[in-house]
Amino acid sequence: GQQVMQIPQYQHVQEGEDFTTYCNSSTTLSNIQWYKQRPGGHPVFLIQLVKSGEVKKQKRLTFQFGEAKKNSSLHITATQTTDVGTYFCAGLGTSGSRLTFGEGTQLTVNP
Amino acid sequence: DTEVTQTPKHLVMGMTNKKSLKCEQHMGHRAMYWYKQKAKKPPELMFVYSYEKLSINESVPSRFSPECPNSSLLNLHLHALQPEDSALYLCASSQDRPTTEQYFGPGTRLTVT
């Protein structure tokens, strides 16, 4: 079945440093979605990427979808304490029936 | 209204109990989901309802029984659970298919004793 690998599992940064998490799928994806889950909270949708090579920005967050539609990344510039949480990528296979979540990257930011 | 509500927030039940988790959304979404999430793990899909019909059952044990009474409501009936079923149970909805963003509820923290 489809597998989505995500690295790193944990990332500790000082406030103001940049952060990147990477996602790799074993198969070509229809789209990839990114979610953020704060400690004690629930996943919250951030963005969806559909096109090969797509890049989208949300303020300090930059999302990329690879040319082969098998990998993606989330980059946060100048992290803030409000960025703390676990970031999950979730890939939709070409059958379009279910999302497969990566293992997530837990980000902690030291003030 | 972009909210998915879930009740109860917390539930403690014994292995012989029967209980139900409830989920509600008023966004007009036609796809609804149950996920199970263990600590420090991603959400794990259990069931998908599409237009009130069960479309995906991820080989979930029969002690979990989903129900979709109407397009706004989703229930998960629990019976004879095991301690390893203790987890956060998340409900989510999306417009019609998983291709669009999913809105998650706050979850029910279930403890089986």
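Look a little higher up for the structure.
Fair warning: this is a prediction, and the values are worked out from it, not measured in the lab. The numbering scheme is per chain: residues are counted from 1 as the chain's sequence reads. Each chain takes a letter, starting from A, and each ligand takes a number, starting from 1, following the order in which they are written. Under the rules for a predicted model, residues below a pLDDT of 70 receive no local features and side-chain atom pairs below 80 are neither given nor counted, while totals for whole chains, interfaces and linings still include all residues. Excluded from the side-chain calculation are hydrogens and water; included are all heavy atoms of the structure.

A. Region of interest: the overall build of chain B. In terms of regular secondary structure, chain B is built from zero helices and eleven strands. Sequence-ordered secondary structure for chain B, helices as α and strands as β, is β-β-β-β-β-β-β-β-β-β-β. Atoms counted for the radius of gyration: C-alpha only. Globule rule: 2.2 Å times residue count to the power 0.38. For 113 residues, the compact-globule estimate of 2.2 N^0.38 gives 13 Å, and the C-alpha radius of gyration of chain B, at 13 Å, lies within 12% of that figure. C-alpha extents for chain B along the principal axes are approximately 35 × 25 × 20 Å. Classification of residues uses two cut-offs on accessible area relative to the type maximum, computed with a 1.4 Å probe and protein chains only: under 20% is buried, over 50% is exposed, and between them is partly exposed. Considering chain B as a whole, with its 113 residues, one finds that 49% of them fall into the buried category. Here, two residues are considered to be in contact whenever any of their heavy atoms come within 4.5 Å of each other. The long-range fraction of contacts in chain B, counting pairs at least 24 apart against all pairs at least 6 apart in sequence, stands at 55%. Summed over all atoms, the accessible surface of chain B reaches about 5500 Å², with 49% contributed by carbon and sulfur. This count recognises Lys and Arg as positive and Asp and Glu as negative, with His and chain-terminal groups excluded. A charge is said to be at NZ when it belongs to Lys, at CZ for Arg, at CG for Asp and at CD for Glu. Charge centroids of chain B, computed over 13 positive and 11 negative side chains, lie 7 Å from each other. Going along the chain from the N terminus, every DSSP run of H or I of four or more residues is numbered as a helix, and every run of E of two or more is numbered as a strand. Only the protein chains shown count as cover for residues, and all accessible areas are computed by the Shrake-Rupley method using a 1.4 Å probe.

B. The sheet that holds strand S1 (residues 4-7) of chain B, seen in detail. Residues and elements named next belong to chain B. Here four strands make up an open sheet; going across it, the order is S1-S3-S8-S7 and the pairing antiparallel. What marks the edges here is a single partner per strand, and that holds for S1 and strand S7 (64-70). Across the sheet, the axes of successive neighbouring strands diverge by a mean angle of 20°, strand direction being ignored. When S7 meets strand S8 (residues 73-79), the two strands line up antiparallel, connected through five bridges. If you follow Ser65 over to S8, its bridge partner there is His77. Here, any two strands with at least 2 DSSP bridges between them count as paired. Orientation is described by axes fitted as lines to C-alpha atoms, over the contacting stretch for helices, and by angles from 0 to 180 degrees between their N-to-C directions.

C. Representation of the state of the cysteines. Our working definition of a disulfide is a cysteine sulfur pair at a distance within 2.5 Å. Tallied over the full model, the rule gives two disulfides over all chains. Two residues share a disulfide in this structure: Cys23(A) and Cys89(A), whose sulfurs sit 1.5 Å from each other. Taken together, the residues Cys23(A) in strand S3 (residues 19-25) and Cys89(A) in strand S9 (residues 85-93) connect sequence positions 66 residues apart. The same class applies to Cys23(A) as to Cys89(A), namely buried. In this model Cys23(B) forms its disulfide with Cys91(B); the gap between the sulfur atoms is 1.9 Å. One disulfide, between Cys23(B) and Cys91(B), carries an S-S torsion of -70° and so falls in the left-handed class. With Cys23(B) in strand S3 (residues 18-25) and Cys91(B) in strand S9 (residues 87-94), the pair connects residues that are 68 residues apart, well separated along the chain. Residue Cys23(B) shares its accessibility class with Cys91(B), and that shared class is buried. Cys23(B) provides the cysteine sulfur closest to Cys68(B), a residue in no disulfide bond, and the two sulfurs are 9.2 Å apart.

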